[in-house]
Amino acid sequence: MVSGHNKWANIKHRKMAQDAKRSKIFTKLIREIIVAAREGGGDPEKNPRLRAAIERAKAANMPKENIERAIKKGTGELEGEQLYEIIYEAYAPGGVALYIKVVTDNKNRSAQEVRHVLSKYGGSMAESGAVGWIFERKGIINIPRDKVADLEELAMIAIDAGAEDIKDDEDPIQIITAPEDLSAVREALEKAGYEVEASVSYIPKNTVKVSGQDAEKLLKLLNALEELDDVQEVISNFEMDDAEMERIMATLG
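All residue numbers here refer to positions counted from 1 along the written sequence of the relevant chain. Predicted model: local features are reported for residues with pLDDT of at least 70 only, side-chain atom pairs are reported and counted for 80 or more only, and whole-chain, interface and lining totals are derived from all residues. The side-chain values count all of the structure's non-hydrogen atoms but skip hydrogen atoms and water molecules.

(A) Region of the structure containing the sheet that holds strand β5 (residues 165-167). Any two strands with at least two DSSP-identified bridges between them are counted as paired. In DSSP terms, a helix is any run of H or I states spanning at least four residues, a strand is any run of E spanning at least two, and both are numbered starting from the N terminus. Strand order in the open sheet formed by four strands is β5-β6-β4-β7, and the pairing between neighbours is antiparallel. Both edges of this open sheet fall to β5 and β7 (197-204), since each of them pairs with a single strand only. Averaged over all neighbouring strand pairs, the angle between strand axes comes to 35 degrees, with direction disregarded. As defined by bridge partners, β5 adjoins strand β6 (residues 173-177) across three bridges and the pair is classed as antiparallel. Between the N-to-C directions of two axes lies an angle of 0 to 180 degrees, each axis being a line fitted to C-alpha atoms and, for a helix, fitted only over the stretch in contact.

Encoded structure:
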């Protein structure tokens, strides 16, 4: 169970929607679209990562022309800045492992900024491969719990379409697939009338329970990392009581 990480993602999403500058969000989304299109082509129906990026951009009210321009930069139809996709591995307070996904036009700047934030909040950079084995690349489908009337029916549809696992103890409900099966499972659920959010990311094989000062330092560190312009996503393997997480997030404002 990765309840801590799921809950963090939900809280962080709401926080970004409320108080982050639109230009900063747009920059991150545009970079993700460019890299996704460069990696898997410009057709979102054949490129799950691109489709997920476009859906997030639309949810943030990004103009259609911005999305189309970013796709063309990714496919090479328009000239664009050289972007590098990097994953930094790190340790956080409490022995938590971090997988920090960065998309940047300046590798040195990104490395310096990430190292600075880690050092400031009690974390440290890890050697390549040191924590990478903890995380698996998977397709992830989120469905709001209040949109699911029959959990057993949902599970049957997902499993029949190729889903590997269903985590129904959180909101949203999370369906895990192999990356190559994500599109088939998503399409089966959409055909059945479910409202889904799909993406390809990493999930931890095991989790670490954190509390007290370690929990406070950890959430401050995650918050600071995600505020960096070049950081697209931070995946972690922590677990934390919901009440404690809500309390700490309230102090972060």
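After presenting the structure, the write-up continues.
(B) The sheet that holds strand β9 (residues 231-236), seen in detail. If you walk across this open sheet you meet the four strands as β3-β1-β2-β9, and the pairing is antiparallel. The two strands at the open ends of the sheet, each matched to only one other strand, are β3 (124-125) and β9. Where strand β1 (residues 84-92) meets strand β2 (residues 96-104), nine bridges bridge the pair, whose relative direction is antiparallel. Looking across to β2, one finds that Glu-89 is bridged to Tyr-99. Docked against the sheet, helix α5 (residues 107-120) engages β1, β2, β3 and β9, running at close to 15 degrees with respect to β1. Any two residues whose heavy atoms approach within 4.5 Å at even a single point are treated as in contact.

(C) Local environment of the environment of Lys-209. The topology assignment puts Lys-209 in strand β8 (residues 208-209). For Lys-209, the residues in contact, after removing those within four places along its chain, are Glu-239 and Asp-241. Here the side chain of Lys-209 touches Asp-241 through a polar contact of 2.7 Å, side chain to side chain. Side-chain atoms alone can form a polar contact between residues adjacent in sequence; in general such a contact is a pair of N or O atoms within 3.5 Å, and within protein one must be able to donate a hydrogen while the other accepts it.

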